[in-house]
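Residue strings, one per chain:
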Amino acid sequence: MIAYIFRRILYALPILIGVNIITFVLFFVVNTPDDMARMNLGQKRVTQEAIQKWKTERGYDKPLLWNSNTGGAGKLTDTIFYRNSVKLFVFDFGRSDSGRDISYDISQRMWPSLAITVPGLLLGLLAYITFGLILAFFRATYVDIAGVVICVIMMSISGLFYIIGGQYLIGKFLHLVPISGYDIGPEAFKFVVLPVLVGLIGSIGASTRWYRTIFLEEMNRDYVRTARAKGIPEQQVLFRHVLMNGMIPILTGVVVLLPTLFIGSLVMESFFAIPGLGSYTIDAINMQDFAIVRSMVFLGSVLYIIGLILTDISYTLVDPRVRLE
Amino acid sequence: MPRPFRLCFLALMASVSACSDSPWNNPYPDTESDSNIYYDSFSEQPRHLDPISSYSSNEYVFIGQIYEPPLQYHFLKRPYELIPLTATKVPEPDYVDKEGRALTGDAEAGEVFRVRYRITIQPGILYQPHPAFARNATGDYLYHHLSAAYVQTVHTLEDFAVVGTRELTASDYVYQIKRMAHPRVHSPVAGLMGKYILGLEELATRLANEYSVQAPDKSTFIDLREYEMEGARAIDKYTFEITLQEKYPQFLYWLTMSFFAPMPWEADYFYAQPGMSDRNISLDWFPVGTGPFMLTENNPNRRMVLQRNPNFRGEPFPTEGDSGDSESGLLVDAGLPMPFIDTAMFSLEKEAIPAWNKFLQGYYETSGIVSDSFDQAVQFNAQGEAQLTSEMQDKGISLLTAVTSSTFYMGFNMLDDTVGGDSERARLLRRAISIVMDYEEFISIFSNGRGVPAQGPIPPGIFGYVAGEAGINPYVYAWDNGKAKRRSVAEAQTLMTAAGYPAGREPQSGQPLVLNLDTPAAGPGSKAIFDWLRKQFAKLGINLVIRATDYNRFQEKMLKGTAQIFQWGWNADYPDPENFFFLLYGANSKVDNNGENAANYKNEEFDQLFNQMKNMTNRQQRQKLIDQMVEIVRYDAPWLWGYHPVGFSLHHSWYRNAKPNLMANNTLKYIRIQPLLRKEMRARWNQPVWWPVGVLFILIIAAMIPAIIAYRKRERSPVL
Amino acid sequence: MPVLFITDALIFFLVFMVSCFILYARRHEHLRAPWRQVVRSPLAMSSAVILAAYILVGLLDSIHFHPRMPAAGSDEIINSTEIMSLLDVVTGPLRTRNEKTYSSPLASHLYAKEIIELPDGSQIRDYPRLLYGGAHLSAPEAGKRQDILQRVFSGLLLGSTLSGLFFGIFVLLSGRAGRVSFTAEAMAIIRRRKAIPWHAILLTLALLVITASVTIVLASEYHVLGTDKVGQDVLYQSLKSIRTGLVIGTLTTLVMLPFAIMLGLMAGYFRGWVDDVIQYLYTTLNSIPGVLLIAASILILQVYIANHADEFTSIEHRADMRLLFLCIILGITSWTGLCRMLRGETLKLREIDYVQAAQAFGVGNTTIMLRHLLPNVMHIVMISIVLDFSGLVLAEAVLSYINIGVDPTMHSWGNMINSARLEMAREPIVWWSLTAAFLFMFVLVLAANLFSDAVRDAFDPRIRTGFE
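In this text the structure is predicted, and so the values were computed from the model without any measurement.

## Thoughts on the overall build of chain C
Turning to step 1, where the next piece is worked out: When helices and strands are counted, chain C shows 15 helices and seven strands.
Turning to step 2, where the next piece is worked out: Based on the C-alpha atoms only, the size of chain C along its principal axes is roughly 100 × 70 × 50 Å.
Turning to step 3, where the next piece is worked out: Each of the 468 residues in chain C was classed as buried or not, and the buried ones make up 53%.
Turning to step 4, where the next piece is worked out: At a minimum sequence separation of 6, the contacts of chain C that also span at least 24 residues come to 69%.

Printed below as a string of structure tokens:
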């Protein structure tokens, strides 16, 4: 098991290098260091010397990938790519182009993201499973039909409408929670309610339908039929067999998501002015701050790979038949 | 009601009653409700709070309250008047010729060899409490020799337990001026000031040679006190002298800007210690000044908090104002020591709509008006004057308007073959376009009438602006019935024919003329603007292609001069016509000299007049030169003069001493808040509405009934 | 003179491919049977009718040309540089009848007050009359309601007559073909006795025709869905947005399909290092957050266009390029899922005896993949295409919100929603743009979802989501 995990981590390295190179190339095809300097120096009275100075200070005056001016290892190491990207592998994100410590920023902005995504996930699971189970229980009755129709209708509406509608309703008429913003500590509660609720409503259609399918599939299995034939009451069948076995695909599906919870939601965070990692990324794209973009892509990839490994492990835990070689 | 539901509902109700009387949607802690706190928002994260680098209004919001340059603008008087801030009086320049003889103020620019400004500051001004000044019992600086291990443990300035202060001295001002030459600090005005301040360029060269810019460890401190510079010297503890190489009357305006704020060497030394900047502890993040406020929380991801500086000397509120200021209650606080508020809290608001709604709910004291909420706030009466809607009036909100000292223009690249150059053909084309671009309609659609169509480069309120019939641009407008009337499209079409584009067609191919507009605009509103622009050009039969790019790409195009038509704007640095005419001065051409003349306009006569005009004092003769210059550029039409936006701002009834001041950045100290009134209003406006939640709850219960019926039915039916 | 955008060409290529596939599927029972099941589902067929209407509008909007116009100063007729589509011709005056700014649906006056100069020279502040909307009325205050009612009524009448006529002709023809009398055939359809649910199809069609007729009758004198900030007709914008939505929903799949199929089959079939490389490729691409990839690519395209400004002489070309690029990049971020599924399926299939047998006989690898593997994974491809469609249409709106969607000058629902966000804060609120975008998008996505459910049920009998 440990050997397996170790090997998976080794496998992850080339992927991370690949991610790094792709991000790097993408970004520098778009953005010359001159652009970045101009973006950072502001709009009025920017001279070419100032740009040059900015680049030299941050090491952006070097060649991108290959430095033919120096000898030996310097050819590879004295480049923008090496100087900026290699340190990522030890999670040293360095400083953003505007001069802030990225690791510190990430450690600060992680919590607001989690404050939205974790309750969102937990409440979501509760709601999806409940509704999915109800629909499966009432399968082929008009409760089921109405439920699925509502699901399809809800999933046909763009998420943006839920956000706009939610903000409009709560902000303008009901005065129940603040429209946007964030606070630390218990005060955060009132800011979190609306985004979590909107996220939940936006995803409930598709998810409930998917969970219903899982439960239905489980219900059509032989052991459930057998149990039913034995005369076990329907509720017991539902909770003891269907729910328990249905949890396997559900849980493994959720495990992949766990690490990405840190990243937060891009759209939701910028709409509700939540200072999490999602809005951090969007801002960095808009300000063309390469150091942050690169760090976030790297972080995202690492978390994704962790998610994959966790999924594999969780498979073995819930299903003893699967063994990791 | 099923049991679990009932429990939930009870818990919900309990939490409702547990809450205090303060509104539910209050984004701030309830405990703050009674405090003397000013709430505002910011939409863009400040990048530099170092006064030598900062050059944008979103940063001035903060550092304007913290740093104190020698001079400031009078808060109430118009036209804008310079008054001392830390200085004892506004300095008079001493002009000296080559032989060292004193000259009078109206001496010709050519005769003047040196200009001296001697500035005396008030004694007894103290810096804000700051660890850089902290000393132990023996008088040594506590935090000037920090170990790397210690630096690792700090994250903000508050982690330093002891603070100290010291008196402001003249050498602090000199130190800051020398920082313009600092090899590791970027100052946007270094190039401009290097041309004027004696010895600044030499110092920059010297420092650049001595300290390699490439040093990987940026922590070494450059003790600028050890470098002499002729143009900036401290005479004694309270007096310093700035020497310019040529006559530059506008220099006094620069003395109100943070580039000339004092910088204590202790702070520079403190922040330069190894590892500090890696912990985000730098001048860019933690300013240190003598002003009425100090920055106590710097979290650009969420909020910035300014707090009253306990060491502030208590500058009195102005005792004189403009006519009418006394009647409108602006002089109630006259002579009282400022500031009036204890804390100013700025929260991050990226989206305009939530910010606007929070203003309406009473959670911000002031607000601008975005175009889309304009009709909600303002309506025009029969005379065309802006008035608040009854909704706003009921809330006790007031409106202030002011024509800004900015201009939004559309420029032609004068290097372009089709629209540029000195040919009659291109000039007529430019003028035809000037006529059909209906800025009156633009202002009414996109800014709800909040703008003044420009007649030339100078906005109202700046010396040289001429109002009324004499001030209209005769190539675009005609004076009709007491107001300026845009010339007709037919006239423009005649010009097109004269230019060789009958009906907007190119003579050779017969195809419509295709012109390209470069703009950095993007985002939700831009599509409508693009559509509108195309509609304007189509009046002449011209096919306008809009090349929208990001701001970087746009900058690059402007630098290379590959754009054809472009949109840009300029915000005045100081209230002087020179600050607008220099945008058309030939030597400032963007392509040739990387200057601010984005149209790359070059006209010898104009340039000559500009050189004469720029150093003159505001008198009749200057007006005459300005009139000539305006006539030249109107004739050549390198810009569509665009419009000058009018700023509308709203504020609540508990917000006092509000007067728009477009030049001053340090206006926070004048503001007074009445927290009790605010608390009452907030509670009145934000009653939570519960019935829809109740209705929703009942609906859910109702939806469950069929499920329960189906369940019962199934219970009774035999196994499937 | 016709103009062919790249996306136009790809759309027609797609139409061609779909027709080929239909011909192919007709001859192969394993593909025909599931489709037969789809065709027998009333819900799916109603959805199909609606989808067909959308596709028709989209196709009309994909035929572009330079209109003819008289040359300057002579009677000679030349091509204009303007680019129009067949849809612009069909919708006729909607495109050009622009007001000054906002007007609400079916209004006769602007939505905001302005200073109006009266004939006697005095000025008042009031709602000005629209240039086109309700301009035929001399006193709109009194006569508008009646005029609208009249038009709705005549539209209903026209629509019902047309649908009735269509129903009659259809019954006549299908009765002839089945050698049944007219009444018997009509009763069979109404009583739902036909194998194909003609009752649902014809009913949906009738509803569509009636809605369209009412709209057309009203649109001849009014802005049925109001006008936007610069006075453009919202109905016209919504119709133009259809093509954008369809292009994103379909071309993305078309772009990514060859890669996903090829790489998926190869990975599963060859295994070994080929599998490793392909797995590495998609894991790497997958682990980059999609939004970042899209943002970066859109920026690259902008740089490219800025540097090659001469190659893109018109706004339409620039917008088209960006649309295509968006499809490609969305394809790149979305092919990995399908590729992985195909790889898994191929791994199973290659162990099946006839593949093994083919290998033993020395049949070439390419042939095996094309002849034996590809047809057996087609159902996965099919399900994935229909399932992705609605997701992509919805994604466009979100991307436009972060400014990395389609070109801002292009008509799209995302852009409409994006501008409408600010309109929601207006007082009085401007609701019609948002509502129009919502309705048009919702109907398309709902129809696509219902249709895809039926397709999935038919092709993947393991999972049943809909109702039989």
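Past the structure itself, the notes keep going.
## Observations regarding the overall build of chain A
Turning to step 1, where the next piece is worked out: Per the secondary structure count, chain A includes 14 helices and zero strands.
Turning to step 2, where the next piece is worked out: Starting at the N terminus and ending at the C terminus, chain A contains elements arranged as α-α-α-α-α-α-α-α-α-α-α-α-α-α.
Turning to step 3, where the next piece is worked out: Here chain A holds 325 residues, and the buried ones make up 58% of them.
Turning to step 4, where the next piece is worked out: Considering only contacts within chain A whose residues lie at least 6 apart along the sequence, 69% involve residues at least 24 apart.
Turning to step 5, where the next piece is worked out: As displayed, chain A has an accessible area near 13,800 Å², and 70% of this comes from carbon and sulfur atoms.

## Focus on the packing of aromatic side chains
Turning to step 1, where the next piece is worked out: Using the criterion set out here, one finds 57 aromatic pairs over all chains in the structure.
Turning to step 2, where the next piece is worked out: Between B:Trp254 and B:Tyr574 the ring centres are 5.6 Å apart and the planes differ by 70°, which places this aromatic pair in the edge-to-face class. Placement of B:Trp254 in helix H7 (residues 251-254) and of B:Tyr574 in the loop between strand S22 (565-571) and helix H17 (578-581) is noted, with a sequence separation of 320 residues between them.
Turning to step 3, where the next piece is worked out: B:Trp254 gets classed as buried once you look at its relative accessible area, which sits at 0%.
Turning to step 4, where the next piece is worked out: Their ring planes at 75° and their centres at 5.2 Å tell us that C:Tyr269 and C:Phe270 sit as a pair that is edge-to-face.
Turning to step 5, where the next piece is worked out: Every member of this aromatic cluster is reached through a ring pair, and the members are B:Tyr55, B:Tyr73, B:Tyr80, B:Tyr253, B:Trp254, B:Phe259 and B:Tyr574.
Turning to step 6, where the next piece is worked out: Over the aromatic face of B:Phe340 sits the side chain of B:Arg672, whose NZ or CZ is 4.3 Å from the ring centroid.

## A few points about the pattern of salt bridges
Residues and elements named next belong to chain B.
Turning to step 1, where the next piece is worked out: Counted according to the given criterion, the structure contains 44 salt bridges over all chains.
Turning to step 2, where the next piece is worked out: For the salt bridge of Lys 358 with Glu 349, the shortest nitrogen-to-oxygen distance reads 2.6 Å.
Turning to step 3, where the next piece is worked out: Of the residues examined, Glu 349 reaches a relative accessible area of 4% and is grouped as buried.
Turning to step 4, where the next piece is worked out: Linked by salt bridges that have partners in common, Arg 116, Arg 118, Arg 233 and Glu 241 make up one network.

## A closer look at the interface of chain B and chain A
Turning to step 1, where the next piece is worked out: In this complex, chain B contributes 69 residues to the contact, which on the side of chain A involves 58 residues.
Turning to step 2, where the next piece is worked out: In this assembly, chain B packs against chain A so that about 5,700 Å² is buried in total across both faces, 48% of it on carbon and sulfur atoms.
Turning to step 3, where the next piece is worked out: At the surface where chain B touches chain A, the tally comes to zero salt bridges.
Turning to step 4, where the next piece is worked out: Where chain B touches chain A, the interface holds two residue pairs in polar contact (both at pLDDT 80 or more).
Turning to step 5, where the next piece is worked out: Of all the secondary-structure elements, those providing two or more residues to the side of chain B that touches chain A are helix H9 (352-360), helix H16 (551-560), S22 and helix H22 (691-716) of chain B.
Turning to step 6, where the next piece is worked out: By residue number, the principal contributor to the side of chain B that touches chain A is H22(B), which donates eight residues.
Turning to step 7, where the next piece is worked out: Partitioning the side of chain B that touches chain A into residue classes produces 31 nonpolar, 21 polar and 17 charged.

## A short note on the sheet that holds strand S6 (residues 114-120) of chain B
For sheets, the rule is that strands pair by backbone hydrogen bonds, running either parallel or antiparallel.
Residue and element names in this part refer to chain B.
Turning to step 1, where the next piece is worked out: Here we have five strands laid out as an open sheet, ordered S5-S4-S6-S8-S7, and antiparallel in their pairing. Only two strands of the sheet have a single partner each, and these edge strands are strand S5 (102-103) and strand S7 (232-236).
Turning to step 2, where the next piece is worked out: Pairing of strand S4 (residues 94-96) with S6, which is carried by three bridges, proceeds in the antiparallel orientation. When the bridges of S6 are listed, Val 96 appears paired with Arg 114.
Turning to step 3, where the next piece is worked out: Strands S7 and strand S8 (239-244) of the sheet are contacted by helix H4 (residues 170-179), whose axis makes an angle of about 175° with S7.

## Observations concerning the interface of chain B and chain C
Turning to step 1, where the next piece is worked out: Residue-level contacts link 43 residues of chain B with 44 residues of chain C.
Turning to step 2, where the next piece is worked out: Interface area for chain B against chain C, summed over the two sides, is near 3,600 Å², with a carbon-plus-sulfur share of 55%.
Turning to step 3, where the next piece is worked out: Taken together, the elements giving at least two residues each to the side of chain B that touches chain C come down to helix H10 (374-377), helix H13 (439-446), helix H15 (526-538), strand S21 (543-548) and H16 of chain B.
Turning to step 4, where the next piece is worked out: Sorting elements by how many residues they give to the side of chain B that touches chain C places H15(B) first, with eight residues.

## Some details on the packing of H13(B) against H15(B)
Residues and elements named next belong to chain B.
Turning to step 1, where the next piece is worked out: It is at 12 Å that the axes of H13 and H15 come closest, and there the two elements cross at 160°. Overall, the two elements H13 and H15 adopt an arrangement that is roughly antiparallel. H13 and H15 meet at a crossing whose hand is right-handed. On H15, the residues that touch Glu 441, Phe 442, Ile 445 and Phe 446 of H13 are Ala 528, Ile 529, Trp 532 and Gln 536.
Turning to step 2, where the next piece is worked out: Along the lines of polarity and charge, the residues of the contact of H13 with H15 split into six nonpolar, one polar and one charged.

## Comments concerning helix H3 (residues 42-60) of chain C
Turning to step 1, where the next piece is worked out: Counted at 1.5 Å a residue, the expected span for H3(C) with its 19 residues is 27 Å, and the 27 Å between its end C-alpha atoms agrees.
Turning to step 2, where the next piece is worked out: Among all positions in H3(C), only C:Ala44, C:Met45, C:Ser46, C:Ser47, C:Val49, C:Leu51, C:Tyr54, C:Val57 and C:Gly58 are buried.

## Examining the sheet that holds strand S5 (residues 84-85) of chain C
All names here are of chain C.
Turning to step 1, where the next piece is worked out: Strand order in the open sheet made by the three strands is S1-S2-S5, with antiparallel pairing throughout. The sheet terminates laterally at strand S1 (2-3) and S5, the two strands that pair on one side only.
Turning to step 2, where the next piece is worked out: For strand S2 (residues 64-65) and S5, the ladder comprises two bridges, and the chain directions are antiparallel. Note that in S5 the partner of Phe 65 across the bridge is Met 84.

## As for the packing of helix H12 (residues 424-436) of chain B against helix H14 (residues 489-499) of chain B
All names here are of chain B.
Turning to step 1, where the next piece is worked out: Between H12 and H14, whose axes approach to 8 Å, the crossing angle comes to 165°. Between H12 and H14, the interaxial angle falls into the category roughly antiparallel. Handedness of the crossing formed by H12 with H14: left-handed. Packed against H12, whose contacting residues are Arg 425, Leu 428, Leu 429, Arg 431, Ala 432, Ile 435 and Val 436, the element H14 presents Val 489, Ala 492, Leu 495, Met 496, Ala 498 and Ala 499 at the interface.
Turning to step 2, where the next piece is worked out: Tallied by class, residues from the contact of H12 with H14 come to 11 nonpolar, no polar and two charged.

## A short note on unusual backbone geometry
Residues and elements named next belong to chain B.
Turning to step 1, where the next piece is worked out: Across the junction of Arg 78 and Pro 79, the peptide omega takes the value -10°, indicating a cis bond.
Turning to step 2, where the next piece is worked out: Tracing the sequence through the fold places Pro 79 in the loop between strand S2 (71-73) and strand S3 (82-84).
Turning to step 3, where the next piece is worked out: Residue Met 338 is joined to Pro 339 through a cis peptide bond whose omega torsion reads -5°.
Turning to step 4, where the next piece is worked out: In this structure, Pro 339 sits in the loop between strand S10 (303-308) and strand S11 (343-348).
Turning to step 5, where the next piece is worked out: Positive phi values are uncommon outside glycine, yet Asn 657 reaches one of about 60°.

## What to know about H9(B)
Turning to step 1, where the next piece is worked out: Of all nine residues in H9(B), eight are buried, a share of seventy percent or more.
Turning to step 2, where the next piece is worked out: Directly beyond the C-terminal end of H9(B), a positive phi value near 90° is found at B:Gly362.

## A closer look at the pairing of S21(B)
The side chains of a regular strand alternate, first on one face of the sheet and then on the other.
Residue and element names in this part refer to chain B.
Turning to step 1, where the next piece is worked out: With respect to burial, S21 is a largely interior element, five of its six residues being buried.
Turning to step 2, where the next piece is worked out: Pairing geometry for strand S20 (residues 514-519) and S21, over six bridges, is parallel. Each bridged residue has a counterpart across the sheet, and for Val 514 the counterpart in S21 is Asn 543.

## What about the nonpolar core?
Turning to step 1, where the next piece is worked out: Ranked by size, the top nonpolar core spans 192 residues in total, and within it A:Phe215, C:Leu326, C:Trp413 and C:Ile417 carry the most contacts.
Turning to step 2, where the next piece is worked out: With near-sequence residues (within four places) excluded, A:Phe215 lies in contact with A:Ile129, A:Gly132, A:Leu133, A:Ala136, A:Val242, A:Leu243, A:Gly246 and A:Ile250.
Turning to step 3, where the next piece is worked out: Core analysis: the next-biggest nonpolar cluster, separate from the first, contains 135 residues, B:Leu49, B:Tyr227, B:Leu244 and B:Ala454 among them.

## Quick word on a nonpolar patch on the surface
Turning to step 1, where the next piece is worked out: Side chains of B:Trp691, B:Val695, B:Leu696, B:Leu699 and B:Ile700 sit close together on the surface and give an oily, nonpolar patch of about 550 Å² of accessible area.
Turning to step 2, where the next piece is worked out: Inspection of the secondary structure puts B:Trp691 in helix H22.

## Some details on the confidence of the model for chain C
Residues and elements named next belong to chain C.
Turning to step 1, where the next piece is worked out: Residues at a pLDDT of 70 or more form 95% of chain C, whose mean pLDDT is 83.
Turning to step 2, where the next piece is worked out: By mean pLDDT, the top-scoring element of chain C is H3 (91), and the lowest-scoring one is strand S4 (residues 77-79) (70).
Turning to step 3, where the next piece is worked out: Note that residues 463-468 has pLDDT below 50 and, in this model, 17 contacts with residues that lie over four places away or in other chains.
Turning to step 4, where the next piece is worked out: With pTM at 0.78, the complex prediction returns an ipTM value of 0.76.

What counts, and at which threshold
- Residues numbered from 1 in each chain as written.
- Chains lettered and ligands numbered in written order.
- Predicted model: local features only at pLDDT ≥ 70, side-chain atom pairs only at ≥ 80, totals over all residues.
- Heavy atoms only, no water.
- Helix = DSSP H or I, 4+ residues; strand = E, 2+ residues; numbered from the N terminus.
- Buried < 20%, exposed > 50% of the residue type's maximum accessible area, 1.4 Å probe, protein only.
- Contact = heavy atoms within 4.5 Å.
- Areas by Shrake-Rupley, 256 points an atom, 1.4 Å probe, with all protein chains shown as cover.
- Phe/Tyr/Trp six-rings, centres within 6.5 Å; stacked < 30°, edge-to-face > 60°.
- Lys NZ or Arg CZ within 6 Å of the ring centre and 35° of its normal.
- Salt bridge = Lys/Arg side-chain N within 4 Å of Asp/Glu carboxyl O.
- Buried area = accessible area lost by both parts, 1.4 Å probe.
- Polar contact = N/O pair within 3.5 Å; in protein donor to acceptor, adjacent residues only side chain to side chain.
- Nonpolar A, V, L, I, M, F, W, Y, C, P; charged D, E, K, R; others polar.
- Pairing = 2+ DSSP bridges.
- Axes fitted to C-alpha atoms, helices over the stretch in contact; angles between N-to-C directions.
- Parallel < 35°, antiparallel > 145°, perpendicular 65-115°, else oblique.
- Left-handed = near helix turned anticlockwise from the far one by under 90°.
- Expected span 1.5 Å × (residues − 1).
- Core = buried A, V, L, I, M, F, W, Y, C linked by side-chain atoms within 4.5 Å.
- Patch = residues over 30% accessible without salt bridge, like charges linked within 9 Å, V, L, I, M, F, W, Y side chains within 5 Å.
- pLDDT = per-residue confidence, 0-100.

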